[in-house]
Amino acid sequence: MKAIRIHAFGGPEVMKLDEVEQPIPATDEILVRVYATSVNPADYIIRQGGNEVLRSFLKLPLGLGLDVAGVVELIGSAITRFKVGDKVYGVPNFPGDGSYAEYIAAKASQFWLMPQNISFNEAGALPSCALIAWNGIVDLGNVSPGKRVLIHGAAGGVGNLAVQFAKAKGGYVIGTASAHNVEFLTELGADEVIDYRNQQFEELLHDIDVVFNASPVRDESVRIKSVEVMKAGSIFVCTHLDEPFSDDFLTALVQKNATATLVGQGSVTTYTSSLDGVTQLIEEGKVKAVVSQVYPLEEVAQAHRQSETKHVRGKIVLQIRNED
């Protein structure tokens, strides 16, 4: 089968389309015929050699890719949850045996049945970002009707889903984004959108219950300014597992009687959420996948270059094979 592998760390050019053996599922695994995957910041961070959190997990040669949407081809002898022919999506084998491949074998526990009302390309855009956004908004942020939620990086892969989840849970949703994404976020359900280039959110907002930082840009000043708009008892949730909270930030939180945490409670490979709730909201029509562009697997380098601009609306999808 064909799969993208890296044999050295570096730029987009290190990704090679290799011919490798098709995996055989273990007793607790399923083999998935992959139709779509997507490009995440973690992919190009790993390709470049990782960060402090990821580096110790990376052994060359290495596959890239987190997300999978496809069809169950084979099941291990212990599998009762799925059957051959099921459409599934998930985040298998991260980091390591990547999803930029025609087939992938992984533990059945890393997959869920796909929503019945979306395509493989849409499903391939969702799993990792949906798990992160759900963990931040629902599990940790505990968003409920009337809560005021501020989402940084609201137009991105995680951010747009966070907006939709927070709205579906009854929150009053405020997103920061560039001006050209104002209409887009309003259509997704944002009650307010702040142009981060021309407006100062810390001067416009107050009494925020949940701040969710989904921006791909690491900026300590955004953390500090966010504390200024938080109310007593509020929580700051951040997706930046590679950037510990500073003493100044934690001190400011204490003065506000507020708290902060990282998605996944500090774990690099797992989140406390599942995709069950996400699937339900998608099938109810309350949440949708946002796909900015679709590339064939052979054009993965160009897809990475676009992702590295950090200005992608929603997700970039890699289509492995055409939908039947």
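Going by the structure above, here's the rest.
Since the model is a prediction, treat every value here as computed from it, not as a measurement.

Observations concerning unusual backbone geometry
Glycine aside, a negative phi is what most residues show, and trans is what most peptide bonds show. A cis geometry characterises the amide bond from Leu60 onward to Pro61, with omega recorded as -10°. Of note, Pro61 is situated in the loop between helix H1 (41-47) and strand S4 (62-63). With a phi angle near 55°, Asp207 is a residue other than glycine that sits in the positive phi range. Residue position: Asp207 is located in the loop between helix H6 (201-204) and strand S12 (208-213). Positive phi, normally seen in glycine, also occurs at Lys310, with a value near 60°. By relative accessible area, Lys310 is classed as partly exposed at 41%.

Observations regarding the nonpolar core
Buried together is how nonpolar side chains tend to be arranged in soluble globular proteins. Judged by nonpolar contacts, the single largest core of 107 residues is most densely connected at Tyr89, Ile137, Ile151, Phe165, Leu185 and Phe212. Ranked by the residues each element gives to this core, the list is headed by helix H3 (residues 127-140), at nine residues. Beyond its immediate stretch of four places on either side in the chain, Leu185 contacts Ala154, Ala155, Val163, Ala177, Ala190 and Val193. Counting residues in hydrophobic clusters, the runner-up holds six residues, among them Met1, Leu31, Ala101 and Tyr103.

Points about the packing of aromatic side chains
For the structure shown, the criterion picks out five aromatic pairs. Where Tyr35 meets Phe120, the ring centres are 4.3 Å apart and the plane angle is 15°; that geometry is what we call stacked. With a gap of 85 residues between them, Tyr35 in strand S3 (residues 29-39) and Phe120 in helix H2 (residues 120-124) connect regions that are remote in the sequence. Pairing Phe236 with Phe249 gives two aromatic rings, centres 5.0 Å apart and planes at 70°, and the pair type is edge-to-face. One end of the pair, Phe236, is in strand S13 (residues 230-238); the other, Phe249, is in helix H8 (residues 247-256), and 13 residues separate them in sequence. You can call Phe236 buried: its relative accessible area is 0%. Cluster of aromatic residues (ring-pair linked, three or more members): Phe236, Phe245 and Phe249. Sitting over the face of the ring of Tyr35, Arg321 holds its NZ or CZ atom 5.8 Å from the ring centroid.

Quick word on H8
Three or more residues of H8 are buried, namely Phe249, Ala252 and Leu253. Along H8, the residues classed as buried sweep out an arc of 100° about the axis, all on the same side. Exposed side chains of H8 directed beyond 90 degrees from the buried face belong to Asp247, Asp248, Val254 and Gln255. Buried residues along H8 sit in contact with helix H7 (220-229), S13 and strand S14 (259-262). Residue Asn257 follows H8 closely and has a positive phi angle near 55°.

Considerations on the pattern of salt bridges
One pass over the structure, following the stated rule, counts 11 salt bridges. Note that Glu308 and Arg47 form a salt bridge whose closest N and O atoms lie 3.1 Å from each other. In this pair, Glu308 sits in the loop between helix H10 (300-307) and strand S16 (315-319) while Arg47 sits in helix H1, placing the two residues 261 residues apart along the sequence. For the salt bridge of Glu243 with Arg223, the shortest nitrogen-to-oxygen distance reads 3.7 Å. In this pair, Glu243 sits in the loop between S13 and H8 while Arg223 sits in helix H7, placing the two residues 20 residues apart along the sequence. Accessibility expressed as a relative area gives 18% for Glu243, which makes it buried.

Details of the pairing of strand S9 (residues 148-152)
Counting buried positions along S9 yields four of five residues, so the element is predominantly enclosed. By the bridge criterion, four bridges tie S9 to strand S10 (residues 172-177) in an arrangement that is parallel. Directly across from Leu150, in S10, lies its bridge partner Ile174. Traced from S9 through helix H4 (residues 157-168) to S10, the parallel crossover comes out right-handed. Inspection of the sheet shows S9 paired to S12 by four bridges, in the parallel sense. Each residue of the ladder has a partner; that of Ile151, found in S12, is Phe212.

Procedures and definitions
Residues numbered from 1 in each chain as written. Predicted model: local features only at pLDDT ≥ 70, side-chain atom pairs only at ≥ 80, totals over all residues. Heavy atoms only, no water. Helix = DSSP H or I, 4+ residues; strand = E, 2+ residues; numbered from the N terminus. Buried < 20%, exposed > 50% of the residue type's maximum accessible area, 1.4 Å probe, protein only. Core = buried A, V, L, I, M, F, W, Y, C linked by side-chain atoms within 4.5 Å. Contact = heavy atoms within 4.5 Å. Phe/Tyr/Trp six-rings, centres within 6.5 Å; stacked < 30°, edge-to-face > 60°. Lys NZ or Arg CZ within 6 Å of the ring centre and 35° of its normal. Arc of directions from axis to C-beta. Salt bridge = Lys/Arg side-chain N within 4 Å of Asp/Glu carboxyl O. Pairing = 2+ DSSP bridges. Right-handed = clockwise from strand over helix to strand, strands pointing away.

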